[in-house]
Amino acid sequence: MAIIVNLDVMMAKRKIGLGELAQRVDLTPANLSILKTGKAKAIRFSTLEAICKVLECQPGDILEFDNSINNNSINNK
Amino acid sequence: MKLTTKILSLKSIKIGFDIVFVFLILLLSVFLILSILDIGFFNITKGQIATEVNAERLVENNSVDIFSSIDKTKVDSKISGYRLNLDLKDSNFKGISIVYQLINYFTLSLSIFLIIFIVFHIRKILKSIIRGINRNTNTEFKHCIFNNENIRRFRYIGISFIIVPLIDLFLYKFQTYFISKYLFVKESGMELKPIAEYSDISWDYIYIGLLFLSIIEIIRKGMVIQEENDLTV
């Protein structure tokens, strides 16, 4: 996917572990690791809001768009 | 419906199919044992063929003259109801009638086996549905209803349902061919028919089979939607 999730960077900055973050945003650790490893296909706004609230950041700090991967994934789909 | 009622009703349906499954297996095993004993040892029906005759002529005269096409000898016949039991004691005939019995028994047991096959897969599908309902939360386990195994099972069930009436049709054609080739009746206006009738074939099974085959597309769509839902955080 062309959207890259930089959750681990933000988690390291705020020094929060995976289990604790999952508990605070009301997600299961499994779901949070799906998001962290880039396997997620979609994210709800409510989840994004909760993560940004806990990590005290903007969505742009967590989500990034990489144009160079874009062409390949469109051709493959 | 509450969840427990849903699960209970599904489980009771599954128990119904379990009973049918066990009954069909018993039926098939008894049938196979009896037919093997019959052909191999007891020779109860060896040399005998059961046919039917037109009902109107039977009322007029109780005896029917039937001859074999091989050597024009008269065949012993016993009338019981609308049925005519022919006794082919002639040595030319013995081998041929064994083939007749073998093919009869084989196709009948094949039909029963196909129905057992269908019920077996229906039970497995029901089991997967019950397991899928029990998992309420969004877990990472393989989704029990929308998976490739269930698609395979639906395909087996659909194709088996389509094959069953074709097997019955084959049996009917075979019996008709056999009787018309080896036996004939001297009196005109009377004809020998096999016991199996054209109207006994359940053609409806073809529609049911096609229905099962079209459900596969619903499951495929469900798989796509399920995966998307699973990977939504």
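Scroll up to find the structure this text is about.
These remarks concern the structure in this document. (Residues numbered from 1 in each chain as written. Chains lettered and ligands numbered in written order. Predicted model: local features only at pLDDT ≥ 70, side-chain atom pairs only at ≥ 80, totals over all residues. Heavy atoms only, no water.)

What about the nonpolar core?
Residue and element names in this part refer to chain A. So the rule is basically this: Buried residues of nine kinds, namely Ala, Val, Leu, Ile, Met, Phe, Trp, Tyr and Cys, make up a nonpolar core once their side-chain atoms join them within 4.5 Å. For every residue, the accessible area (1.4 Å probe, protein chains only) is compared with the maximum for its type, and the residue is labelled buried under 20%, exposed over 50%, or partly exposed between those bounds. Strands here are runs of E lasting at least two residues and helices are runs of H or I lasting at least four, both read from the DSSP assignment and numbered beginning at the N terminus. Between two residues, a contact is recorded if the distance between any of their heavy atoms is within 4.5 Å.
Counting residues in each nonpolar core, the largest one holds 22 residues, and the members touching the most others are Leu7, Leu21, Leu32, Leu35, Ile51, Leu55 and Ile62. Contributions of two or more residues to this core are made by α1 (7–14), α2 (18–25), α3 (29–36) and α4 (45–55). With five residues, the top contributor of residues to this core is α4. With residues near it in sequence (within four places) discarded, Leu32 still touches Leu7, Leu18, Leu21, Ala22 and Leu27.

Thoughts on the packing of α2 of chain A against α4 of chain A
All names here are of chain A. Going by this rule: With axes taken as lines fitted to C-alpha atoms, and helix axes fitted only over the stretch in contact, angles between N-to-C directions fall between 0 and 180 degrees. In this scheme, roughly parallel covers angles under 35 degrees and roughly antiparallel covers those over 145, while 65 to 115 is roughly perpendicular and the rest are oblique. Left-handed describes a crossing whose near helix is turned anticlockwise from the far helix by less than a right angle; the clockwise case is right-handed. Classification used: nonpolar for Ala, Val, Leu, Ile, Met, Phe, Trp, Tyr, Cys and Pro, charged for Asp, Glu, Lys and Arg, polar for all others including Gly.
Taken N-terminus to C-terminus, the directions of α2 and α4 make an angle of 120 degrees; their axes are 9 Å apart at the nearest point. By the angle between their directions, the pair α2 and α4 is classed as oblique. Viewed along their axes, α2 and α4 form a crossing whose handedness is right-handed. Where α2 abuts α4, its residues Leu21, Arg24 and Val25 lie against Ala50, Ile51, Val54 and Leu55. Within the contact of α2 with α4, the residues separate by chemical class into six nonpolar, no polar and one charged.

Side note on the state of the cysteines
Note the cut-off: Only a pair of cysteine sulfur atoms within 2.5 Å qualifies as a disulfide here.
Taken as a whole and assessed by the stated rule, the structure comprises zero disulfides over all chains. Looking at the unpaired Cys52 of chain A, the closest cysteine sulfur is the one in Cys57 of chain A, lying at 4.5 Å.

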